[in-house]
Structure formats: C-alpha cells, structure tokens
Amino acid sequence: MKDILLKYGLNTLTKKVLNDLYWSMLRIRMFEEKIVELYPEQEMKCPVHLCIGQEAIAAGVCLHLNKSDYVFSNHRGHGHCLAKGAAMKPLMAEFYGKETGCSKGKGGSMHIIDIEHGILGTSAIVGGGIPMGVGAALASSMKGEESVTAIFFGDGAFDEGAFYESFNFASLKKLPVVFVCENNFYATNSHQSARQSGCRISDSAASFDSRGHCVDGNDPLAVYKAAQDAVALARKGGGPSLIEAKTYRWKGHVGPEEDWTKGCRPKEELDYWKEQCPIKKFTALLLEKGAMTTEEMEQAKSAINGELAEAVAFAKASPYPKEAALLEDVYYEAKK
Amino acid sequence: MPWTKIYGSRTEFDKALKDKPGLRGITYKEAIREATAQLLSTDKSVFVIGEGVDDSGGVFGTTKGLQEEFGKERVMDSPLAENGITGVCVGAAAAGMKPILVHMRTDFLPISLDQILNHAAKWHYMFGGSVNIPLVIRSIIGRGWGSAAQHSQSLQAMFMNIPGLRVIMPATPFDAKGLLIAALRDGNPVIMIEHRWLYDHVGHVPEEMYEVPLGKAVVRKAGKDATIVAVSHMVHEAVQAAEALQDEGIDCEVIDLRTLKPMDSATVIESVRKTGRLVVADTGWKECAVGAEVMAKVAEAGVALRSPLVRVNLPEAPTPASPALEKAYYPGKNDIIEAVRKTAGHGKRQAEHINNSPVL
Ligand SMILES: Cc1ncc(C[n+]2csc(CCOP(=O)(O)OP(=O)(O)O)c2C)c(N)n1
Ligand SMILES: [Mg+2]
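Let me begin by describing the structure that accompanies this report.

Conventions used here
Residues numbered from 1 in each chain as written. Chains lettered and ligands numbered in written order. Predicted model: local features only at pLDDT ≥ 70, side-chain atom pairs only at ≥ 80, totals over all residues. Heavy atoms only, no water. Pairing = 2+ DSSP bridges. Helix = DSSP H or I, 4+ residues; strand = E, 2+ residues; numbered from the N terminus. Axes fitted to C-alpha atoms, helices over the stretch in contact; angles between N-to-C directions. Contact = heavy atoms within 4.5 Å. Buried area = accessible area lost by both parts, 1.4 Å probe. Salt bridge = Lys/Arg side-chain N within 4 Å of Asp/Glu carboxyl O. Polar contact = N/O pair within 3.5 Å; in protein donor to acceptor, adjacent residues only side chain to side chain. Nonpolar A, V, L, I, M, F, W, Y, C, P; charged D, E, K, R; others polar. Phe/Tyr/Trp six-rings, centres within 6.5 Å; stacked < 30°, edge-to-face > 60°. Buried < 20%, exposed > 50% of the residue type's maximum accessible area, 1.4 Å probe, protein only. Lys NZ or Arg CZ within 6 Å of the ring centre and 35° of its normal. Near = heavy atom within 4 Å. Areas by Shrake-Rupley, 256 points an atom, 1.4 Å probe, with all protein chains shown as cover. Parallel < 35°, antiparallel > 145°, perpendicular 65-115°, else oblique. Left-handed = near helix turned anticlockwise from the far one by under 90°. 1 Å grid on protein atoms, 1.4 Å probe; cavity = no way out; pocket = protein on both sides within 12 Å on 5 of 7 lines; lining within 4 Å. Points joined across faces, edges and corners; volume = space filled by probe spheres on them.

## Considering the sheet that holds strand S5 (residues 135-141) of chain B
All names here are of chain B.
Reasoning step 1: Strand order in this open sheet of 7 strands is S3-S2-S4-S5-S7-S6-S12, and the pairing throughout is mixed. Pairing within the sheet leaves two strands with one partner each, and these edge strands are strand S3 (75-77) and strand S12 (259-261). With direction set aside, neighbouring strand axes in the sheet form an average angle of 20°.
Reasoning step 2: Where strand S2 (residues 46-50) and S3 come together, 3 bridges link them in parallel fashion. Within S3, the residue paired with valine 48 across the bridge is valine 75.

## Topic: the interface of chain B and chain A
Reasoning step 1: The interface of chain B with chain A comprises 30 residues on the first partner and 36 residues on the second.
Reasoning step 2: For the pair chain B and chain A, the two sides together bury roughly 2,500 Å², of which 65% comes from carbon and sulfur.
Reasoning step 3: It is Leu80(B), Trp145(B) and Leu325(B) in chain B that bury the most area against chain A; as a group they hold 29% of the surface buried on that side.
Reasoning step 4: The tally of links between chain B and chain A comes to 0 salt bridges.
Reasoning step 5: Linking chain B to chain A there are 13 residue pairs in polar contact (both at pLDDT 80 or more).
Reasoning step 6: Considering each element in turn, the side of chain B that touches chain A owes the most residues, 5 residues, to helix H12 (residues 323-329) of chain B.
Reasoning step 7: Counted by class, the side of chain B that touches chain A contains 17 nonpolar, 8 polar and 5 charged residues.

## Side note on the packing of aromatic side chains
All names here are of chain A.
Reasoning step 1: Summed over all chains, the structure comprises 21 aromatic pairs over all chains.
Reasoning step 2: Aromatic pair phenylalanine 163 and phenylalanine 167: ring centres 5.4 Å apart, planes at 80°, arrangement edge-to-face. With a gap of 4 residues between them, phenylalanine 163 and phenylalanine 167 both fall in helix H7 (residues 161-172), about one helical turn apart. Phenylalanine 167 shares its class with phenylalanine 163; the two are buried.
Reasoning step 3: Here phenylalanine 185 and tryptophan 273 contribute two aromatic rings whose centre-to-centre distance is 6.0 Å and whose plane-to-plane angle is 45°, an arrangement assigned as tilted. Placement of the pair is phenylalanine 185 in the loop between strand S3 (177-183) and strand S4 (186-187) and tryptophan 273 in helix H11 (residues 267-275), with a sequence separation of 88 residues. The burial state of phenylalanine 185 is the same as that of tryptophan 273; both residues are buried.
Reasoning step 4: Each residue in the set Phe153, Phe158, Phe163, Tyr164, Phe167, Phe179 and Phe208 is aromatic and connected to the rest through ring pairs, giving one cluster.
Reasoning step 5: One Lys or Arg, arginine 29, reaches over the ring of tryptophan 250 and ends 4.6 Å from the middle of that ring.

## Focus: the site of ligand 1
Reasoning step 1: In the neighbourhood of ligand 1, 21 residues make up the surrounding shell, with His75(A), Arg76(A), Ala124(A), Gly156(A) and Glu82(B) lying closest.
Reasoning step 2: Ligand 1 sits at the junction of chains A and B, each of which supplies nearby residues.
Reasoning step 3: Arg76(A) is positioned such that a nitrogen or oxygen atom in its side chain is 2.8 Å from an oxygen atom of ligand 1.
Reasoning step 4: Gly156(A) has a polar backbone atom sitting 2.7 Å from an oxygen atom of ligand 1.
Reasoning step 5: With the chains in place, 95% of the 570 Å² that ligand 1 exposes on its own is no longer accessible.
Reasoning step 6: Here the residues of the shell around ligand 1 are counted per class, giving 9 nonpolar, 7 polar and 5 charged.

## Regarding the packing of helix H10 (residues 265-275) of chain B against helix H11 (residues 290-300) of chain B
Residue and element names in this part refer to chain B.
Reasoning step 1: It is the contact of H10 with H11, at a shortest axis distance of 10 Å, that shows an interaxial angle of 65°. Viewed along their axes, H10 and H11 adopt a mutual orientation that is roughly perpendicular. Once H10 is placed against H11, the crossing between them reads as right-handed. On H11, the residues that touch Ser265, Val268, Ile269 and Val272 of H10 are Val294, Lys297 and Val298.
Reasoning step 2: For the contact of H10 with H11, the class distribution of residues is 5 nonpolar, 1 polar and 1 charged.

## Topic: the sheet that holds strand S6 (residues 211-216) of chain A
Residues and elements named next belong to chain A.
Reasoning step 1: In space, the 5 strands of this open sheet follow the order S1-S2-S3-S7-S6, with parallel pairing throughout. Each edge of the open sheet is held by one strand with a lone partner, namely strand S1 (70-72) and S6. Direction aside, the axes of adjacent strands within the sheet are offset by 20° on average.
Reasoning step 2: Relative to S3, strand S2 (residues 149-154) runs parallel, the two sharing 6 bridges. Within S3, the position partnered with phenylalanine 153 by the bridge is cysteine 181.
Reasoning step 3: Contacts from helix H3 (residues 55-62) reach S1, S2, S3 and strand S7 (241-246), with the element oriented near 170° to S2.

## Digging into the environment of Thr188(A)
Residues and elements named next belong to chain A.
Reasoning step 1: Of note, threonine 188 is situated in the loop between S4 and strand S5 (190-191).
Reasoning step 2: Considered as a pair, threonine 188 and valine 330 are 142 residues apart in the sequence and their alpha carbons are 31 Å apart.
Reasoning step 3: Not counting residues up to four positions away in its chain, the partners in contact with threonine 188 are Arg249 and His253.

## What to know about the layout of surface pockets
Reasoning step 1: By volume, the second largest pocket amounts to about 310 Å³.
Reasoning step 2: In the lining of the second largest pocket, the residues fall into 6 nonpolar, 4 polar and 4 charged.

And the structure:
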C-alpha cells in the first residue's frame, strides 16, 4: 500500500483511515440502495435524490472534519450527512414522514438536519446552502472557534450567482471554508457544457486568490488528499479552497430509477462510469494491497445491514405527526 | 359556452363531444405548448428560455419538442442562474425581443425578485414610458409527494403588490392558451402562475391563435345565493363545491378571476351585489393576498352584505413534507362547501333572529 499512498502524498496514512474510508462509502451506498429497494412500496412519500456513484466525495472530505465542524449540503444530501456522522434512524424516519424524523416529518429527504453533527439544515434551492455555509464559517471565526465548514454543492450550483458572491466574501475575510463542488456533469438533464462555457470549475478559485483542486471524485484517496490540504489551510486561517471532484450520478436526477431509459443520458456513459465505481475500485485496491481482508469487509457489510434494518424498522413503526403539528414551529418561541 | 365550461374529467369532455362534435379537446399542458409554438412561429422576436425547456420531458410537456421545431437559438436551456437570466430577459425585452422565461417552480422566482421588481416592473415608468418590457415569466406550483416547503409555494400575492407587473393564473386549457398569447402581446412584464395539478385537465381549445383578455374574470357557474371567487386549481374545487351545494339548495355563483392584476372587480362586485355572500378560495396563504384584495374591493364598493365574508386558504405555515400533514394542509372542495354553508347559515340565523325578535 505504501507505494500507492506515496503517489498521493499520503505516506503517513494509517490502516484505520483506509478502513474508515471504505466503511463510510459503503454505508452511504447501502443506505441509498435500501431506498431503491423500498421506494416502490410507496410508503416513502417524498422525492429522493440519490448519490449512488458519488460516495467517495462525502467520505473523503468528512473524514477530516470534527464533530463540531459544519457541513452544508443540498437536495442530494444523504451521503454528506451520513459521512458527517448522522445516524440512519432519524433520516429514514424523516423520509417516511414520521414524527421521529430529524425534521419531525416536516422536511422530507431534501431537508435533513443534525445539529449535534454540525449539519444546520440542507436546502433544496440550488445554491441556497452556499452563502449559509459561509455564514456559519463567519460565525465560528467571530466566536473564535476552530471550526471548519465544508459546503457541498453540484456543478449546477456553480451556475448560481450565490456561489460567486459567497466565495468572494469567504476569500475576502479568509474564512475557514472548504467549497466542495461535486461535478457529476449534469443539473437534472442539462449537461455542464450546455450551461458553462469554460467547464473548469476549480480554476475559478484563482480569481478569488484561493486554492483550487480538481480531483477524480471517484477516487477516495484523491479526494481525501485534496480535502486534507484544504481543511488544514482553512483551520490555520489560510482561507477557503475550492475542490472540484468529478464524478457521476448513477440514478436519475430524482427517484430510484436509472434515467437513460427516458433518453435523459446515453446508456454508454452510465456503463463507463459504473466501471469507475468508487467502491469497487477501492475494494480491489485494499484487497490487492492487503490493507483490508474479505472478512473485515463482510463484517462491515453486516454491521451496516444491522444499522439499516434497525433504521427501517424504526421509521416504519414510528407514528406520523399529529395534525396539531401542522401549526407548530412556524415561529421560534423564546424559552422563558 | 364551451370555452368557459369546466370539464370534471376526460370522460365528461368526451360526453360533451357527442353533442358538439366540433369541440377540440386538448390538455392544459398541450394548450400552453400550442400557444408557445404559435407565438414562436408568428413572431420572430419571441424566444423561450429556461432550465430544462429542451429536456425530454419538456417542463411537464409544455415545451416538449419546441427546440427541435424552432432551433436552439429560439428555445434555449438556461444555466441555473435565475436572477441573471431574468435580467438577460428584461434587457432583451427592452431591446425589442419578447422572451418567455420558464421556471419549473414558483419557488425559484424569489431568486430573481430583484430583476422582476426593481427592473422589469419599473422600466417603463421610471423612464417616462420610453421603453417597455414585453416579457412573460411562467412558473409552476408544485403539490404533493412531500414536495415540502421549497417546492410548492403559491407566491402570487407577492407580485400582486407591485405596480407595473401583471399576474395571471389560468385554470383551464382554453385560458392557458389565450392568456399566454395575450400576455406576451400585452407589452408588460407578466407573471403567469400555473398549477401542476391542472396539466392533464382537458378542455375545449380552438386551434387558431386567440387572446383571452387580461383583467377579465369569467363566471363559471351562475347562481343567486352566494358568490365563490376562486383562482387556478381552486376554481375546479369551487365548481365541484357549487355542484354539491346545489343539492342542498344553495345556488352558488362561481367566478374564476383568471387575472389577479389587474383584477376584474366589476364582475365580482356585480355578483356579490346579487348574492350578498362571498367566499374566496385561493391556492396560497391568507394574509394580504387574493382573498384580502377581493374583499377589500367589495368593501370599497359599499356592497351590502348578508353575512360575513369567508376566505379559504392554506393554513399559516410553510408546506410540510409528511403525507399526514400534507393531507391536513391543503384546503379543497369540502372546505369551500363548509365556508359557503357558514355564510348561508349565518344569513338564515340572522333572518330567524330578526323574524323571532319581538315587534317593538
Ligand atoms: C434555484 C433553483 N433552481 C432550480 C432548481 C431545480 N433543480 C433542483 S436540483 C437541480 C439540479 C442541480 O444540479 P447540481 O447542482 O449539479 O446538483 P446534482 O443534482 O447534480 O447533484 C435543479 C435544476 C432548484 N431546486 N433551485
Ligand atoms: Mg450536477
């Protein structure tokens, strides 16, 4: 493994981190696949935006974050929140619209929150979470905390003015932010090249006097390395970085099905990217280099399966919110 | 008249077809697509822009195939840059084009409020009428399947507050086509708000181009006991409510506003003068909104009322995702029935009270 790690400049990486990367990606994949399996039952009555194929990015970035660090995310946010440490139960229950969900059933799959793990809520307005993330970083720096904020967004959000305004402010104030653009080349069915003339997202960091990294988003080690540099820089007051991680979403924009059948994208493209599966490739590498054994991997799978089974059972058994909840929480009421 | 009629379902339309074989029935989404295609083919200055307008689904079918027909220059996909692209449209309109800007959800309009409120709505007035902004901004209200708070809003009231804007909410295929054509020819910025649940609704739509004049309401059902004013999807709920109330002996008049700004208060006032009772059913929230404005107009006209007015709106909360809460969230036919009963009952009680009071 040493030879490989040297290539990434990760020569001090421990076996534990390798295991954690594997574990985190697998946990996201299995969570999303469980949704694919259950969705046809039509009990999960909310739109789901799955991140199958993109797991390495959330895993590689979040491994560098402490519990008190912040994560801001978007409509495709399950993976980010899981990687940051969110438990499965409140997420699953939220998707089932239950009272025990992380947002008491008010938000659904697009609106996840987990304050304890620094997730202050995910927005389904494209680009909406970016300035908010910068705001959280501003707050932590004003309070003198050491926190770093990671903001996950798509190539589509890079079209939005909110990105530029926010990045400029973060750079100007040298805020501890890591901008993570998951470039899966599509915003719904619209290709990046139909929306952007340059298609060089990471290059834009330079004009804000910040660091840009362009990495293979299906390579957890590449993401891990870029995030390591970006988080370290942010933590020591060096300001924001922009990581552009190129990847591909396997499922349609929304829902559990593949979308080539509807003519949204060519099937060959999906086939190519399935070959680039981040988990498959990383598994092969770990086994080949003896960094993990098949037994360890099986153990991981069965542990995750256990967590999933519990989460689904919990979600299904939980009650729906009572009708009175409809008018609760519209306003915050100060506790006397 | 076939074009003011609301058909409950395709079967009902097909039945009507038997009596009037000349009726041409298409869906709401097809009507929008047809109007757009006709505008594109008859006016070189028209272009369509929006996120996903060239998509295989074609914004729920309303722009389907238009790019193949009219080319990439006139039917173009947009970056996800709502404020910027709205400004691009405002500028293009000032320079002689007539853009149709399409948003998948009304919830994305707030990003472009600056260009809509500060620019599009002001440009004609602020420069003494020397330039006008012929622009239609289409957007869609989502509903159901846990759309939740950011994918389901009915924001018409916000736009009704701004001089210089026009706001339309067609409820039928006939109006969707006619209002869209009239809106683009109007020469002012027009906010057109569609409801996703209307897209498969079938109605009579003539093939040729025609306009439904802006600022004109339509009486969907005549009646003498109570007036129900409704917009968009709520018009359909109101018609069904009126049918049910007919069986109870309450004869309702149903008015579809169609245009919210400028509002056709004359039609409403005339009706309420006759019935003395008014219920307003809107797809959005209650305060400072459609109902409030309709009622203010009636009050300002000094119409004598036989009972307090009632509004049917969303509860005072953002849209919840949970199916249990979603069900409780949306008012419909039954709420309108209840509201009308309340006004009618009130009238009766008062009458009884007067009849039973001792003669002094
Ligand atoms: C402001 C805004 N515009 C449009 C949409 C509709 N929409 C939802 S997700 C999406 C695509 C986003 O693409 P990207 O940012 O690349 O994220 P991805 O879905 O690829 O993960 C669009 C257009 C929205 N939710 N918000
Ligand atoms: Mg994308």
